[in-house]
Amino acid sequence: MANYKILVESTLGAIGDTVTDADIIAAPADIEQLIVSGIVEPVSTTKNTKE
Amino acid sequence: MAVFALTDAQFTLNTIDLSSYVTNIELTYEFDAVETTAMGATGHSNIKSLQNISCTVELNNDLAVGKVFDTVFAAVGSGTNTYIVKSLSTGTPNPVLTVSGAFCPSAPIVSGTVGDLSKMSITLTGGTLVKT
């Protein structure tokens with residue numbers, strides 16, 4: 001399950017909140033459309049393994 | 001519920017609530033008709049085929065981030081727009097009309113005469129409407 005940070009105040013939630021792809025689908029909305037339009041951005045889950 | 005004046009219709013486009021900017025809205029629920037008339041009929045007969053949804057919205061413009069201009073600009077050219085229309089903000093009954101997969105072919109992103117209020121009118125076509 002991917003997470004997305006809200007960049008623009010919307011019915012998804014407040015700016016800065018994190019939502020899941022399930023939240024976006026339930027909104028309902030298209031995930032790619034929201035990313036393209038700058039409403040949300042993917043939250044990177046990559047961990048830095050460097051010591 | 002009695003008859004009512006349309007003073008508080010709600011319009012949300014791609015999760016952005018633009019209701020406070022809407023000055024006119026018309027959502028048309030329509031199906032394509034497929035003719036089934038056959039020999040012996042005395043008049044045309046049809047069955048419904050695909051939904052043919054259309055929504056025209058007139059909005060006061062707002063250039064602020066994530067408001068009218070940004071939302072409409074991002075919607076143009078996309079066939080995956082989702083919008084929600086309600087006749088009232090609150091109350092019962094208040095059908096929620098959700099259209100997914102709508103296409104927005106164009107928008108007059110700059111339009112008006114000197115001294116006019118900046119407005120834009122968009123038409124979203126296609127998609128699938130669900131009433132809840």
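Residues numbered from 1 in each chain as written. Chains lettered and ligands numbered in written order. Predicted model: local features only at pLDDT ≥ 70, side-chain atom pairs only at ≥ 80, totals over all residues.

> Honestly, the overall build of chain A in this entry has me stumped. Any pointers?
Counting its regular elements, chain A contains two helices and three strands. Secondary structure elements in chain A, listed N-terminal to C-terminal, are β-β-α-α-β. Counting over 51 residues, chain A shows a buried share of 29%. Residue pairs in contact within chain A that sit at least 24 positions apart in sequence constitute 35% of those at least 6 positions apart. (Helix = DSSP H or I, 4+ residues; strand = E, 2+ residues; numbered from the N terminus. Buried ≥ 20, exposed ≤ 12 C-beta atoms within 10 Å, placed from the backbone. Contact = placed C-beta atoms within 7 Å.)

> I would appreciate a short explanation of the interface of chain B and chain A in the present structure.
A common way to express how large an interface is: the accessible area buried when the components associate. Across the contact, 15 residues belong to chain B and 15 residues belong to chain A. Elements represented by at least two residues in the side of chain B that touches chain A include exactly strand E2 (16-17), helix H1 (68-75), strand E7 (81-86) and strand E8 (97-102) of chain B. Residue composition of the side of chain B that touches chain A, grouped by class: three nonpolar, 11 polar and one charged. (Nonpolar A, V, L, I, M, F, W, Y, C, P; charged D, E, K, R; others polar.)

> Whenever I open this one, the sheet that holds strand E1 (residues 3-6) of chain A confuses me. Can you help?
Strand pairs in the sheet, formed through backbone hydrogen bonds, run parallel or antiparallel to each other. Residues and elements named next belong to chain A. On the basis of which strands lie adjacent, the open sheet formed by three strands has the order E2-E1-E3 and antiparallel pairing. Looking along the sheet, the strands with just one partner apiece sit at the ends: strand E2 (18-20) and strand E3 (40-42). Put simply, the sheet's adjacent strands are angled 35 degrees from each other on average, direction ignored. (Pairing = 2+ DSSP bridges. Axes fitted to C-alpha atoms, helices over the stretch in contact; angles between N-to-C directions.)

> Looking at this structure, how should I read the pairing of E8(B)?
Looking along a regular strand, one sees the side chains alternate between the two faces of the sheet. Residue and element names in this part refer to chain B. In the sheet, E7 pairs with E8 via four bridges, with the strands oriented antiparallel. Residue pairing across strands places Val 85 opposite Leu 97, the latter belonging to E8. Across four bridges, the pairing between E8 and strand E10 (residues 128-131) is antiparallel. Across the sheet, residue Ser 100 finds its bridge partner in E10, namely Thr 128.

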